[in-house]
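A closer look at the structure
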Amino acid sequence: MITSPETKVTALIMAGKRSGVLDPLAARANVAQKCVVPVGGIPMIERVIANVAACDRIGEIRVVAHEPDEIAEIPSIAKLATEGRLVFKPGAFNLVDSVFSGAEGAQFPLLITTADNCLWLPQDYAEFVDKAIAAQADAAAALARKEGVIAADPVGQKKFYEFSDGGFSNCNTYWIGTAQALSAAEIMRGGGQFMKFPSRIAKAFGVLNLIRFFLGWGTKEKLFAQVSRRFGFNMVPLEMSNGYCAIDVDEERSFGVTERLLMKREAIA
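Conventions and cut-offs
- Residues numbered from 1 in each chain as written.
- Predicted model: local features only at pLDDT ≥ 70, side-chain atom pairs only at ≥ 80, totals over all residues.
- Heavy atoms only, no water.
- Salt bridge = Lys/Arg side-chain N within 4 Å of Asp/Glu carboxyl O.
- Helix = DSSP H or I, 4+ residues; strand = E, 2+ residues; numbered from the N terminus.
- Buried < 20%, exposed > 50% of the residue type's maximum accessible area, 1.4 Å probe, protein only.
- Core = buried A, V, L, I, M, F, W, Y, C linked by side-chain atoms within 4.5 Å.
- Contact = heavy atoms within 4.5 Å.
- Phe/Tyr/Trp six-rings, centres within 6.5 Å; stacked < 30°, edge-to-face > 60°.
- Lys NZ or Arg CZ within 6 Å of the ring centre and 35° of its normal.

**Considerations on the pattern of salt bridges**
- Within this structure, the stated rule accounts for 15 salt bridges.
- A salt bridge links aspartate 130 to arginine 57, with the shortest nitrogen-to-oxygen separation between them at 2.7 Å. Of this pair, aspartate 130 sits in helix α6 (residues 122-134) while arginine 57 sits in the loop between α2 (44-53) and β4 (58-65), and the two are 73 residues apart along the sequence.
- On the basis of relative accessible area, aspartate 130 is assigned to the partly exposed category, the value being 29%.
- By relative accessible area, which is 21% here, arginine 57 ends up partly exposed.
- Between arginine 253 and aspartate 153 there is a salt bridge, with its nearest N and O atoms 3.1 Å apart. On the criterion of sequence distance, the pair formed by arginine 253 in helix α11 (residues 252-268) and aspartate 153 in the loop between α7 (146-152) and β8 (161-163) is long-range, its members being 100 residues apart.

**Overview of the nonpolar core**
- In terms of nonpolar packing, the biggest core is built from 58 residues, with Ile45, Ile71 and Trp175 touching the most fellow members.
- Contacts of isoleucine 45, omitting those with residues within four sequence positions, involve Ala15, Cys35, Val36, Val63, Ile71, Ile74, Ile77 and Ala115.
- Listed in part, the 19 residues of the second largest apolar core include Val64, Val99, Leu110 and Ala139.

**Some thoughts on the packing of aromatic side chains**
- Applying the stated rule across the entire model yields four aromatic pairs.
- Arranged with centres 6.4 Å apart and planes meeting at 80 degrees, the rings of tryptophan 120 and phenylalanine 128 form a pair that is edge-to-face. By the burial criterion, tryptophan 120 is buried, and phenylalanine 128 matches it.
- Judged by centre distance (6.1 Å) and plane angle (50 degrees), the rings of phenylalanine 163 and phenylalanine 168 are tilted. Here phenylalanine 163 matches phenylalanine 168 in class, with each residue buried.
- Ring-pair connections join several aromatic residues into one group, and the members of that group are Trp120, Tyr125, Phe128 and Trp175.
- Here the guanidinium or amino end of arginine 28 rests over the ring plane of phenylalanine 255, the centre of that ring lying 4.7 Å away.

Given below as structure tokens:
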């Protein structure tokens, strides 16, 4: 697919939940799923959808959810659905099959993000889309530089992906440029979280790339180029300007950090 700055991107917002497990944040907020927990007084998925919808690079919005009714009751989301801008797609048993479900019949390229990425702004999504198009990426992942993440959250994340050009953190936002490149989602079938589970790197990317990764051989671009050769299409890392892009709401600590950063942002505004 040939893309340009005028290309409208389809956004997949992953809003699933673990089967049979009530998230602690959801339990505290007395809701059925984490994505509707209020952060700074606004359900986190409402924040994400509002910022995605405000990005002029994005066309259709697809929310992939196991329990869509609770989400669909939020007035601003219901309005987008009524206008035909937003649709719900069923979540599957695992993350990869949920991505496939969300992508079925979609217009490419796809931007995939999560319902707990509360700190991304419309300009962050625009930056990501523009960089993916400029790189002619078949698939891409958003990364934030270690220094920027620490500046946003000095006591939070301790582990980073280390390359010869610095340390980076995953931002849980991805690009799939074509239907053929959708197979890149298979990388996440093991569950992702590569810093916690190094064996998943070997399974997803190969043992040699696991060695390169842990020895810090080469830049992030060089490692992604190696992975691209393994999969047969152009996979690129996209460095985001803002360190907060790597902070999402996982548990109580990151919930508090996110609220603090939102309050600071609103005070400046």
